[in-house]
Amino acid sequence: MGGAVSAGEDNDELIDNLKEAQYIRTELVEQAFRAIDRADYYLDGYKDNAYKDLAWKHDNIHLSAPCIYSEVMEALDLQPGLSFLNLGSGTGYLSSMVGLILGPFGVNHGVELHSDVIEYAKKKLDCFIKTSDSFDKFEFCEPSFVTGNCLEISPDSTQYDRVYCGAGVQKEHENYMKNLLKVGGILVMPLEEKLTKITRTGPAAWETKKILSVSFAPLIQPNHADSGKSRLVHLPPMTVRSLQDLARVAIRGTIKRIIHQETMSKNGNGLKNPPRFKRRRVRRRRMETIVFLDKEVFASRISNPSDDNNNCEEIVEERREQEEKSISELKPDPPVNFLREKILSLPLPDPLKYYLLYYRDK
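None of the values given here were measured: they were computed from a predicted structure.

1. Quick notes on the pattern of salt bridges
1) Next: Here the structure, examined in full by the defined rule, presents 17 salt bridges.
2) Next: The salt bridge partner of R241 is D245, with a shortest N-O separation of 2.4 Å.
3) Next: Notably, a salt bridge pairs R248 with D245, separated by 3.1 Å at the nearest N-O pair. Remark: D245 and R248 occur in helix 8 (residues 243-266); sequence separation between them is three residues, near one turn of the helix. Each member of the pair, R248 as well as D245, carries the same accessibility label: buried.

2. Digging into helix 4 (residues 93-102)
1) Next: Within helix 4, 10 of the 10 residues are buried, which leaves it mostly tucked inside the rest of the structure.
2) Next: Within helix 4 the residues assigned to the buried category are Y93, L94, S95, S96, M97, V98, G99, L100, I101 and L102.
3) Next: Note on helix 4: the residue one or two positions beyond its end, G103, has a positive phi of about 75°.

3. Digging into the packing of helix 3 (residues 66-76) against helix 4
1) Next: At their nearest, the axes of helix 3 and helix 4 sit 12 Å apart, and the two run at 35° to each other. Two packed elements cross with a definite hand, and for helix 3 against helix 4 that hand is right-handed. Side by side, helix 3 and helix 4 meet where Y69, V72 and M73 of the first sit next to Y93, L94, M97, V98 and I101 of the second.
2) Next: Split into classes, the residues belonging to the contact of helix 3 with helix 4 amount to eight nonpolar, no polar and no charged.

4. Side note on the sheet that holds strand 7 (residues 181-191)
1) Next: Here seven strands make up an open sheet; going across it, the order is 5-4-3-6-7-8-9 and the pairing mixed. What marks the edges here is a single partner per strand, and that holds for strand 5 (144-147) and strand 9 (205-213). Adjacent strand axes in the sheet meet at a mean angle of 15° when their direction is disregarded.
2) Next: Looking at chain direction, strand 3 (residues 83-87) and strand 6 (residues 160-165) are connected through four bridges and run parallel. Looking across to strand 6, one finds that N86 is bridged to Y164.
3) Next: Its contacts with the sheet place helix 3 against strand 3, strand 6, strand 7, strand 8 (194-202) and strand 9, and it is angled at close to 160° to strand 7.
4) Next: Contacting strand 4 (107-112) and strand 5, helix 5 (residues 115-131) runs over the sheet at an angle of about 165° to strand 5.

5. Thoughts on helix 5
1) Next: The terminal C-alpha atoms of helix 5 lie 24 Å apart, and with 17 residues this matches the ideal 24 Å at 1.5 Å per residue to within 8%.
2) Next: Those residues of helix 5 not exposed but buried are V117, I118, Y120, A121, L125, F128 and I129. Down the axis of helix 5, the buried side of the element spans an arc of 165°, and every buried residue falls inside it.
3) Next: On its buried face, helix 5 sits against helix 2 (27-35), strand 2 (61-63), helix 4, strand 4, helix 6 (134-137) and strand 5.

6. Points about unusual backbone geometry
1) Next: With phi around 55°, D59 is a residue other than glycine that occupies positive phi space.
2) Next: Of note, D59 is situated in the loop between strand 1 (56-58) and strand 2.
3) Next: The phi torsion at D77 lies on the positive side, around 50°, for a residue other than glycine.

7. Topic: the nonpolar core
1) Next: The biggest cluster of nonpolar side chains holds 55 residues, and the ones touching the most others in it are F33 and M73.
2) Next: Those elements that provide at least two residues to this core are helix 1 (11-20), helix 2, strand 2, helix 3, helix 4, helix 5 and strand 7.
3) Next: With residues near it in sequence (within four places) discarded, F33 still touches N11, I15, I24, P66, Y69, S70, M73, Y93 and M97.
4) Next: Counting residues in each nonpolar core, the second largest holds 23 residues, with L87, Y160, V169 and L219 among its members.

Quick notes on the rules
Residues numbered from 1 in each chain as written. Predicted model: local features only at pLDDT ≥ 70, side-chain atom pairs only at ≥ 80, totals over all residues. Heavy atoms only, no water. Salt bridge = Lys/Arg side-chain N within 4 Å of Asp/Glu carboxyl O. Helix = DSSP H or I, 4+ residues; strand = E, 2+ residues; numbered from the N terminus. Buried < 20%, exposed > 50% of the residue type's maximum accessible area, 1.4 Å probe, protein only. Axes fitted to C-alpha atoms, helices over the stretch in contact; angles between N-to-C directions. Left-handed = near helix turned anticlockwise from the far one by under 90°. Contact = heavy atoms within 4.5 Å. Nonpolar A, V, L, I, M, F, W, Y, C, P; charged D, E, K, R; others polar. Pairing = 2+ DSSP bridges. Expected span 1.5 Å × (residues − 1). Arc of directions from axis to C-beta. Core = buried A, V, L, I, M, F, W, Y, C linked by side-chain atoms within 4.5 Å.

Dropping the structure here:
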């Protein structure tokens, strides 16, 4: 599934292509896609395909095509503070992007059938939190994953504002999926070869919209052959953040606002000079006349009354090109994590600084 947009050279170019093709349509979704590099969720030997609009699978590890994730994110209509359940959470790529939008007061849960994929997702999540500068640009709702079959979720589990299922849902399981939703909630899932958006408008009222044709592997049915009993999946509890954690969120938010105000003041309300684009040099070639006469060769340049002017123009053009080249050859400064720098400059004990930084490595 995929191939709807051109491949990109990097993550940003892939997102540009998805925007141009109208798969990404809102700023929140675009920011989330740009913040997390899709290649980071590939195995090392397969990263060359990361920016193609194609699904990828290796053993139990699977990523849907970027165009599918884009449509899913747009259809979910995510907002800060909502609760989200990802059925078939896989590598955690989608859950992490969702977490950037949900913010610190959201709920972000995932159910994955394969325990090895859960371990893979946790490693990728830990790497993102510890090393990505994007982590400090957002207030993140960290996903929690549990192992199990998503068709065996405990009936006493809470309902969610948003639910996504990453495998083909059989018609007989449609109502089961709907019951995972709160009133007003949105469910997105592949149903009968169509990516489908279902909104719960009342206790027993639903609105259904078909988004696009898709091809997903079907949900794996529960296997009770070993014990003959259902293995209920107990979702993570919806815990309330501690006062200490809430204080960290508030302090980081205040510092970000201060940094934003300082940046606006320095840049004149954020207005910067437009980027300079390198002009292509047009080379003017002199025309030569070659004359063969009695085994001798005579060469002469065709006279042109504007030659003197052209020479002056060439000199000016060469100088301009050299100036632009010298500017372009200057290495850009590495990106600065202003939040980290500001926190480290505060007159606070080191343990408190590192707590505010979530003990991140960079």
